[in-house]
Amino acid sequence: MKAKICMTMALAAVCTMGAAQTQRAIDDIDKEIARLEHSDELHTRRADNANAFFNAKLYNQQKAGNRQAPHLQDCKTLYFKYLYEVGDTAAAPLLPKCIGRLERALKRNAGLASQAFIHDADPSGISSREIDGLTYAYSDSIGGVTAYSYPLDNLCNYATMTFCGSDSVRTNYMFAWKPQLFTDMESRRFCTIDGYIAKLTGKDWQANSYIDFNESGSEQKVYDVDETERIDTMTGDIAVSQVKMLAEKFRKSMAKGNYKQCDAIAFVIRRLAEKFDGTLTTEQYDSIKRNVWSMEETGNSQRNKALMRTVSAFRRKTEQKTEKPYRSQSSDLAMSTRSRLGKRLCPPEEFMVVSEFMGYPQMCNDEPTIAVRIIGTAADEDSKIFVGGLAPDKTFAVPNDKRGFRFCKDRVRNSLVCITDGSNTYYAFADTVTINVDMRRGITSASETNMKLMAVQDSLKAFDTEAMKYSTTIDGRLTVTDSAGFARLMRRLDNYVMATIKANSDNAVHLFLLYNYYFRMSQDELALYVDSTGRYDSNLLMQPAAKYFNDNEKLKPGTKLADTECWDTDGNKRNTAEFRGDGYTLLYLYYPQNRDGRRGAEIVRQLYDRYGGKGLDIVCHAFTFGFNGDLWRWYIRRNGMEHLTNIFGGNFAALNHVNAMPTAIILDNEGRVVDSCHYGPGLVEKVNRLMENRPTAQRP
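Below: a short report on this structure.

The rules behind these values
Within every chain, residues take consecutive numbers counted from 1 along the sequence as written. Selection of residues for local features in this predicted model requires a pLDDT of at least 70, selection of side-chain atom pairs for listing and counting requires 80 or more, and totals for whole chains, interfaces and linings are taken over all residues. Side-chain figures throughout are based on the complete set of non-hydrogen atoms in the structure, without hydrogens or water. For Phe, Tyr and Trp, rings pair up if their centres lie within 6.5 Å, where Trp contributes its six-membered ring, and each pair is then called stacked (planes under 30 degrees apart), edge-to-face (over 60) or tilted (otherwise). Strands are runs of DSSP state E lasting at least 2 residues, helices are runs of H or I lasting at least 4, and numbering of each runs from the N terminus. Exposure is judged per residue with a 1.4 Å probe applied to protein chains only, and the accessible area is read against the type maximum: over 50% gives exposed, under 20% gives buried, and values in between give partly exposed. Following DSSP output, two strands are said to pair if at least two bridges run between them. Think of each axis as a best-fit line through the C-alpha atoms, taken over the contacting stretch in the case of a helix, with angles from 0 to 180 degrees between the N-to-C directions. Between two residues, a contact is recorded if the distance between any of their heavy atoms is within 4.5 Å. As used here, the term nonpolar core means buried Ala, Val, Leu, Ile, Met, Phe, Trp, Tyr and Cys residues forming a set that is joined through side-chain atoms within 4.5 Å. Throughout this entry, Asp, Glu, Lys and Arg are counted as charged residues, while Ala, Val, Leu, Ile, Met, Phe, Trp, Tyr, Cys and Pro are counted as nonpolar. The remaining residues, Gly among them, count as polar.

### A short note on the packing of aromatic side chains
Then comes step 1: All told, the structure shown has 12 aromatic pairs when counted by the stated rule.
Then comes step 2: Taken together, a centroid distance of 6.2 Å and an interplanar angle of 75° make the contact between phenylalanine 163 and tyrosine 173 edge-to-face. Here the residue phenylalanine 163 occupies a position in strand 6 (residues 157–164), and tyrosine 173 occupies one in strand 7 (residues 170–183), the gap between them amounting to 10 residues.
Then comes step 3: Take phenylalanine 163: its relative accessible area is 0%, and that puts it in the buried class.

Below you can see the structure in the form of structure tokens.
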């Protein structure tokens, strides 16, 4: 008995010692993170990702008392950038001391981690991937949900490790950094060291190797330049029956709670779509689409992504009832966009989000076509050259050899032609002058209009490169690390775009800029170029800007909006007219599943803290959430919106020509529009200006 007591005490002492060592390791790493965050050498940006994903099934299981349901307590990410000017010769990066100290702290504590992986960048600079990245998934893989993922490659230095503390709490660190050389707009050479350190704390999750449904499904179907009619190897009827059978199995597996089986079915159905080598009729495609979308589930982004690619793959293999060079016969094509000017020029805090719904194919069918000729040289013999255009266009794979490549196909006159090899992309307008392109240097000879367009593209690429000074894409997402510097760059970009549009108003170049930038322009600026009687009114590039302008005209100040029925948080049917206050009302329309909707919720909370009860009522109107009241109320609590007025549903947005989500509309006490704004930097500014300039009688 005495021996058992001594053994128990010894084991307890060992466990206590192990827990103490683990905690010291965590404290050591946290200390270096704090020193890095407050270093004068770096630009840093902290992001709290605690609300980064939303999963309906997870909520329902936790509510039912399933203690095994996964729960992530906290996730914080600190981004950092170290920028310095270099000479003409490329030297080894000058690593700041604070980054080196953090790297050493992780390595010296790796022995105490339950899970650790460390990788030093390949000195050869070859960007081949040792692993694609890491995901942090729940240990029981409920619904196949991924919590967070971090893309990695051989150009990165990275370290990840997990420490198991008391009460099964796991603490994980994900650290990555890499240097990049670039030349700015003034021809000066810089080196930037971008990186991040993420800390995840919680229970019931584990780090898994990166698994994604997108191994080859992200590749767009391309067409041979000399394409002939293909012979089906599988009939459309067989494909329809197979999809219907898989959808039925999916529903049965979901009802039984077999979520891994659901993931497998989504994977199989996507492979079926990719390997389908026939041609569907539009009726067969519609049947397949209905069955696939019946499998969609709110919150499971990985599975939904596989289903989206399934529908896209089948749509590309649907019959074409037109001789025009377009692959889609859908009446509407929808896309959401912040900016098309460059990957680094569209941070969510700087750009409004606009949803486009265009009947592109019909517009294309009404326009004349011409033969477009392209002659070019590839960056190397192994490059794959593709020629396409906007959303409805077919994309053609162009043969490439030592003599270069040639392309000749009918295109709609003045439509946009895209020439890309995956690394370099150039745009030109479809006209009768042969386009000569060097994939390393750009378009070298073409019509006068296309040479002007090439100069514009060079300038935009320079802005995109300049943004490397103020932002990072180290984790695959754009994060601004120097807000003041980025804001100055955006003002320069605004001035350049507006001046270039004005200078090219007599040619098609201004259409390219309007298409890429219209949602940054005011109604007065757009009015100068959106003219239904103008020379370019029917051009495909003009349509998004024209629709955006016309819809916003219907939300001009003084407009009386149509009221519709809706539902409150208790499930009672109400009317939007009931929620107008005596002063101003800020009506915030949003999709709860959309990340910009969540970010906008933070803005309206701030406005409520400043003006709530002081002449401004805030009403949050949610769409597309179904009638799950418990789920919606949980979302409201999770995003700190309980003290705001919350309503759901109805067709208010459609009736009142709201063309983007999130959108804020400011109403007076009679329901007339005072001002409106899509989600973006202008919202807070407009509300502040309105409240500061309101009549004295309306002040509390």
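Now that the structure is up, let's keep going.
### Section: the sheet that holds strand 13 (residues 369–377)
Then comes step 1: The sheet built from 4 strands is open, its strands ordered 16-13-19-20 with mixed pairing. Only two strands of the sheet have a single neighbouring strand rather than two, namely strand 16 (405–412) and strand 20 (442–445). When the angles between neighbouring strand axes are averaged without regard to direction, this sheet yields 35°.
Then comes step 2: Note that strand 13 and strand 16 share 8 bridges and pair antiparallel. Bridged to glycine 376 within strand 16 is phenylalanine 405.
Then comes step 3: Packing of helix 9 (residues 448–466) onto the sheet brings it into contact with strand 19 (435–438) and strand 20, and relative to strand 20 it is tilted by some 145°.

### Some remarks on the nonpolar core
Most often, soluble globular proteins keep nonpolar side chains buried together rather than apart.
Then comes step 1: Judged by nonpolar contacts, the single largest core of 40 residues is most densely connected at Leu493, Phe512 and Leu526.
Then comes step 2: Taken together, the elements giving at least two residues each to this core come down to helix 9, helix 10 (483–503), helix 11 (509–517) and helix 13 (542–553).
Then comes step 3: Looking at which element gives the most residues to this core, the answer is helix 11, with 7 residues.
Then comes step 4: In contact with phenylalanine 512, other than residues within four places in its own chain, are Leu416, Tyr427, Phe429, Leu453, Val456, Gln457, Leu460 and Leu541.

### Quick word on the pairing of strand 26 (residues 616–622)
Then comes step 1: With 6 of 7 residues buried, strand 26 is to be regarded as a mostly interior element.
Then comes step 2: The pairing of strand 25 (residues 584–590) with strand 26 spans 7 bridges and is classified as parallel. Paired with leucine 586 across the bridge in strand 26 is isoleucine 618.
Then comes step 3: Note that strand 26 and strand 27 (residues 645–648) share 4 bridges and pair parallel. If you follow alanine 622 over to strand 27, its bridge partner there is phenylalanine 648.

### Things to note about the packing of helix 9 against helix 11
Then comes step 1: Two elements in contact, helix 9 and helix 11, have axes whose closest approach is 9 Å; the angle formed by their N-to-C orientations is 35°. The residues of helix 11 that touch helix 9, namely those facing Thr449, Lys452, Leu453, Val456, Gln457 and Leu460, are Val509, Phe512 and Leu513.
Then comes step 2: Looking at the contact of helix 9 with helix 11 residue by residue, the classes come out as 6 nonpolar, 2 polar and 1 charged.

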